[in-house]
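The primary structure of each chain is shown beneath.
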Amino acid sequence: MDSDPTIPSNALAPSVSGNLFQATNGIEEEVIIFVSKLNKFFGDKHVLKDIDFEVRKKEVVALIGPSGSGKSTLIRCLNGLEKLTSGEIYIHGQKLDPRLSIKQLSPIRSELGMVFQNFNLFPHMTVLQNVIEAPLLVRKMPKDQAIARGEKLLAKVGLAEKRDAYPNRLSGGQKQRVAIARALAMEPRVLLFDEPTSSLDPELVGEVLKVMKDLAYEGSTMVVVTHEMQFARDVSDRVVFMSEGSIIEQGDPQEIFRQPKEKRTQLFLERVLSTLPSAIEVPGEF
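Residues numbered from 1 in each chain as written. Predicted model: local features only at pLDDT ≥ 70, side-chain atom pairs only at ≥ 80, totals over all residues. Heavy atoms only, no water.

Structural notes on empty space enclosed by the protein
Next, step 1: This structure, assessed with the given rule, holds 1 cavity of 30 Å³ or more.
Next, step 2: Computed from the structure, the largest cavity encloses a volume of approximately 60 Å³.
Next, step 3: What lines the largest cavity is simply Cys 77, Gly 80, Glu 82, Lys 83, Leu 84, Ile 89, Leu 96, Asp 97, Pro 98 and Leu 105.
Next, step 4: In the lining of the largest cavity, the residues fall into 6 nonpolar, 1 polar and 3 charged. (1 Å grid on protein atoms, 1.4 Å probe; cavity = no way out; pocket = protein on both sides within 12 Å on 5 of 7 lines; lining within 4 Å. Points joined across faces, edges and corners; volume = space filled by probe spheres on them. Nonpolar A, V, L, I, M, F, W, Y, C, P; charged D, E, K, R; others polar.)

Rendered as structure tokens:
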């Protein structure tokens, strides 16, 4: 499928400058994801409302907001798991047309690595087999090359010794790290994370966040739906706050967390930050 050269010239994410992490991340001007006036209905329920959203190469974007605000639906629309009702989505210049068949969508979706809440590993396959399955079937990668890359990725996420284990022998944190390795195996332009720690026991969250932080520091382009506010503040280059299907506010993480401009953002952060360590300041009264 040919790239569409007509993406609007303003398809750049808002400038962000307050996060020291960004200076080492080297965000580039190239737009990888461009969304314009995206709407999504489930029956009569309007779950995404005129969403405008962009992600640049090497940018880490955190989507935050209350449950039911549309964050997961947005990320599922980005990779074609949910069909948009109206609007436009471009992935690296290629239009994600809802009329396309699954086969036609495959080349576009292969640009995106998806990490789900509940791992979605194949239970009848070993860890290594889970990681190399898509490169073999979709990328048509030679098996010896896929195995070598799979072993390298498992080492990267700290699971080299688990290559021959089956998913039922792994902890939740280990399963999610395998899922990250599996997503990386396709060499995607963007990694999409849909609440990757939400189904983990609290003591296992850290090991998954560490892998994600390492990927961010290495310059991976990432969109992360998360309730981990410290990750959103300290690792992301831009925070997007959603509520009731709309993007209410977005910008530099330090500014969003310390002085949100919108009342809904402020109320949300006051609730969630009151339970976190004092390293993150609760917004003051306005």
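A look at the sheet that holds strand S2 (residues 45–56)
Next, step 1: What the 4 strands build is an open sheet, ordered S2-S1-S4-S5; its pairing is antiparallel. The two strands at the open ends of the sheet, each matched to only one other strand, are S2 and strand S5 (94–95).
Next, step 2: Where strand S4 (residues 86–91) lies against S5, 2 bridges are found, and the strand directions are antiparallel. Within S5, the position partnered with Ile 91 by the bridge is Gln 94. (Pairing = 2+ DSSP bridges. Helix = DSSP H or I, 4+ residues; strand = E, 2+ residues; numbered from the N terminus.)

A closer look at the sheet that holds strand S10 (residues 246–251)
Next, step 1: The strand order across the open sheet built from 6 strands is S6-S7-S8-S3-S9-S10, with neighbouring strands paired in mixed fashion. The open sheet has two free edges, formed respectively by strand S6 (112–115) and S10, since each of these has just one partner strand. Averaged over neighbouring strand pairs, the angle between their axes works out to 15° when direction is ignored.
Next, step 2: This element, helix H7 (residues 202–217), spans strand S3 (60–64), strand S7 (190–194) and strand S8 (222–225) of the sheet and lies at about 150° to S8. (Axes fitted to C-alpha atoms, helices over the stretch in contact; angles between N-to-C directions. Contact = heavy atoms within 4.5 Å.)

A short note on the pattern of salt bridges
Next, step 1: By the definition in use, this model includes 18 salt bridges.
Next, step 2: Across the salt bridge formed by Arg 99 and Asp 97, the nearest N and O atoms sit 2.8 Å from each other.
Next, step 3: In this structure, Arg 189 engages Glu 111 in a salt bridge whose closest nitrogen and oxygen atoms are separated by 2.7 Å. Taken together, the residues span a long stretch of sequence, with Arg 189 in the loop between helix H6 (172–185) and S7 and Glu 111 in the loop between helix H3 (102–109) and S6 at a distance of 78 residues.
Next, step 4: Taken together, the shared-partner salt bridges in this structure form one network comprising Glu 28, Lys 57 and Lys 58. (Salt bridge = Lys/Arg side-chain N within 4 Å of Asp/Glu carboxyl O.)

Brief notes about the layout of surface pockets
Next, step 1: Of the voids in this model, the largest pocket is the one considered here, and its volume is about 680 Å³.
Next, step 2: Secondary structure elements with two or more residues in the lining of the largest pocket: H3, S6, helix H4 (127–137) and H6.
Next, step 3: Broken down by element, the residue count for the lining of the largest pocket peaks at 4 residues, all from H4.
Next, step 4: Residues of the lining of the largest pocket, tallied by class, amount to 11 nonpolar, 6 polar and 3 charged.

Remarks on the confidence of the model for the protein chain
Next, step 1: Of the residues in the protein chain, 87% reach a pLDDT of 70 or more, and the chain-wide mean stands at 88.
Next, step 2: Across residues 1–24, confidence stays below pLDDT 50; counting only partners more than four residues off in sequence or on other chains, it has 58 contacts. (pLDDT = per-residue confidence, 0-100.)

Focus on the nonpolar core
Next, step 1: Residues Ile 180, Phe 193, Met 212, Leu 215 and Met 222 are the most contacted members of the largest nonpolar core, which totals 38 residues.
Next, step 2: Listing elements by their share of this core, those giving two or more residues are H4, helix H5 (143–156), H6, S7, H7 and S8.
Next, step 3: Examining the composition of this core, we find that 8 residues originate from one element, H7, more than from any other.
Next, step 4: Apart from the residues within four sequence positions on either side, Ile 180 is in contact with Val 115, Phe 193, Val 208, Val 211, Met 212 and Leu 215.
Next, step 5: In this structure, Leu 48, Ile 75, Leu 78 and Val 190 belong to the second largest nonpolar core, which totals 31 residues. (Core = buried A, V, L, I, M, F, W, Y, C linked by side-chain atoms within 4.5 Å. Buried < 20%, exposed > 50% of the residue type's maximum accessible area, 1.4 Å probe, protein only.)

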